[in-house]
Structures are given as structure tokens and as C-alpha cells.
Amino acid sequence: MAFARTDEQDMLAQAIDQSLAGDSRGWDEVVVPLGLDALGIPEGEGGLGTDLRDAAVVAAGFGRANAGLPWAEHWVATAHGARGEDGPRAVDDAGVLRQANDTEVQERARDDLALLHSAEMIGLCRTMMADTAAFLHQRQQFGKPIAGFQVLRHRMADMAMRLEQAEALVDLAIDAGEAERPRLVSAARVMAGRAAQEVGEGAVQLHGAMGLTAELRLGGYFRRLRALMQGDGTAAAHLSRYAAA
């Protein structure tokens, strides 16, 4: 499972996948029953801790199912002290906690949000890749599955390689030390954006005229990808920060 390092995180990812397998995908139907709202709260305060990797496991799982829940925003706000009434918490459009006055807290909040959005994008891409591979094996031309066509195999290989690069960088940035963290976060966000674009556009194109039709879930995944790609100050801003570091 993406971003999982421990058996508990593997079990968490599996529980999320099972919970989202049906039609019930609301906040109170997924987050609350699984106890995910306790993530981001320190154990000393009755929560399950503030491990960013746990949050990334959840974000990737929500991406695989295109749950569309504001998990990243909720976890960042909760983990950085903006806890209050029950339900999802929010951060403003710049990814800065409204309640935070400390510049270092604001910067870390922005970076955590960028990493969780990147994890969700990777989850979205995983499902889009799987759906595309299945479609290519089902669709036939000249009496053979088009999955065997060399040019399409190369296209899928390029998409898979870009996705693996992005996931590796996000994984590295999650565990980065304070000194190297800003640069690695920006590198991860840039690569996640590039993977989202390449996999998203590739999946739509490889489905041909069916790519964005209502009959397939692919269109919804693509729209969610596009929305996430426009956030976090955009990949262009992170590329500039990476170059300046």
C-alpha cells in the first residue's frame, strides 16, 4: 500500500479501501466510523498521534476511491492546533491556518498540505492506471487486445515510471529532516503534479472517445486531479522555491 511502512498502516489502508468499496462515502460514514478523526491529535490529548505518514496513507486511500473528502485540510488544521467543533476543519486557500500566527507553523502547515494533496493525487493516479490497463486488455482491434500494441505499452510504461518517481519523492519528503524538508516538499509536489498530468491525460487519451463520458468513473478522477493540481501555490511556485533553495 502506498506510503505504508508498518503493519498497522497496511491494515489502515486496507480498512479504508474496504470502507470506500460501497456507495457510502460521506464524512460521517467513513472518517468517523474508522476513527480517523482522532488522527492529527496528540496521543497525550486522547488522539492517535500526529504522524504525517499515517495521514498520507489515508490521503492515498481516499484518492484511490476518489472520495473527494477534505481530509488533507482537516488533518493539517487538526495537527497544527486548529481543533474545535466536530467535523472537518479547514484551512484557507493559501494553505495557512487561519488561527496560526507563527510563521514556522504556517510554513509547515503549507508543506504538510502539499504532501497530503500529492499523496491523494498518487492514489487517484493508481486507480486511473489500473482502469486503463483493464480497458486496454478488454478492447480489441484486428482480433487482438490493444494492450499488446507496442506503442500503447510504451505509453503505459512511461506513465507508470512517472508515477513511481513521484511516489518515491513524496515518501522521501514525508520523513525529511527540518533542514532539507522545504526543498524536498517542493520537489515532491512538482513531480506529483507532473505525474498527475501525464497519467491523467494519458488515461483519458488511451480510453479514446470514452475517456470523459459519464459511463466511466475516469472523468471524475480526472476532474479531481485537475483541482488538486491547481492548489498549494501550484507546481510552478514550488519549482521556483526548489530552485531558490
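Values in this document were obtained by computation on a predicted structure and should not be read as measured data.

Conventions used here
Residues numbered from 1 in each chain as written. Predicted model: local features only at pLDDT ≥ 70, side-chain atom pairs only at ≥ 80, totals over all residues. Heavy atoms only, no water. Core = buried A, V, L, I, M, F, W, Y, C linked by side-chain atoms within 4.5 Å. Buried < 20%, exposed > 50% of the residue type's maximum accessible area, 1.4 Å probe, protein only. Helix = DSSP H or I, 4+ residues; strand = E, 2+ residues; numbered from the N terminus. Contact = heavy atoms within 4.5 Å. Salt bridge = Lys/Arg side-chain N within 4 Å of Asp/Glu carboxyl O. Axes fitted to C-alpha atoms, helices over the stretch in contact; angles between N-to-C directions. Parallel < 35°, antiparallel > 145°, perpendicular 65-115°, else oblique. Left-handed = near helix turned anticlockwise from the far one by under 90°. Nonpolar A, V, L, I, M, F, W, Y, C, P; charged D, E, K, R; others polar. Expected span 1.5 Å × (residues − 1).

*Asks:* Please explain the nonpolar core as it appears in this structure.
*Replies:* Across soluble globular proteins, nonpolar side chains show a tendency to be buried alongside one another. Phe3, Leu36, Phe62, Trp71 and Leu116 are the most contacted members of the largest nonpolar core, which has 69 residues in total. Looking at this core element by element, the count peaks at 14 residues for helix α5 (residues 103–138). Residues contacting leucine 36, with those up to four places away along its chain left out, are Leu12, Ile16, Val31, Val58, Phe62 and Trp71.

*Asks:* Before we go on, may I ask you to explain the pattern of salt bridges in this structure?
*Replies:* Taken as a whole, this structure holds 17 salt bridges when the rule is applied. Note that arginine 108 is salt-bridged to glutamate 178, the shortest N-O span being 2.8 Å. With arginine 108 in helix α5 and glutamate 178 in the loop between α6 (150–174) and α7 (181–206), this pair connects stretches of sequence that are 70 residues apart. Residue arginine 108 is classed as partly exposed on the basis of its relative accessible area of 30%.

*Asks:* Would you explain the packing of helix α4 (residues 71–79) against α5 in this entry?
*Replies:* Helix-helix packing: each pair is described by the crossing angle between the helix axes and the interaxial distance. It is the contact of α4 with α5, at a shortest axis distance of 9 Å, that shows an interaxial angle of 150°. Accordingly, the angle class assigned to the pair α4 and α5 is roughly antiparallel. In terms of crossing hand, the pair formed by α4 and α5 is right-handed. On α5, the residues that touch Ala72, Glu73, Trp75 and Val76 of α4 are Ala109, Asp112, Leu113, Leu116 and His117. Of the residues in the contact of α4 with α5, the class split is six nonpolar, one polar and two charged.

*Asks:* Help me understand α7, please; the structure alone is not making it clear to me.
*Replies:* Every α-helix winds through 3.6 residues per turn, so residues three or four apart in the chain are directed the same way. Taking 1.5 Å per residue as the helical rise, α7 with its 26 residues ought to reach 38 Å, and the 36 Å between its terminal C-alpha atoms agrees with that figure. The element α7 is extensively covered by neighbouring structure, given that 19 of its 26 residues are classed as buried.

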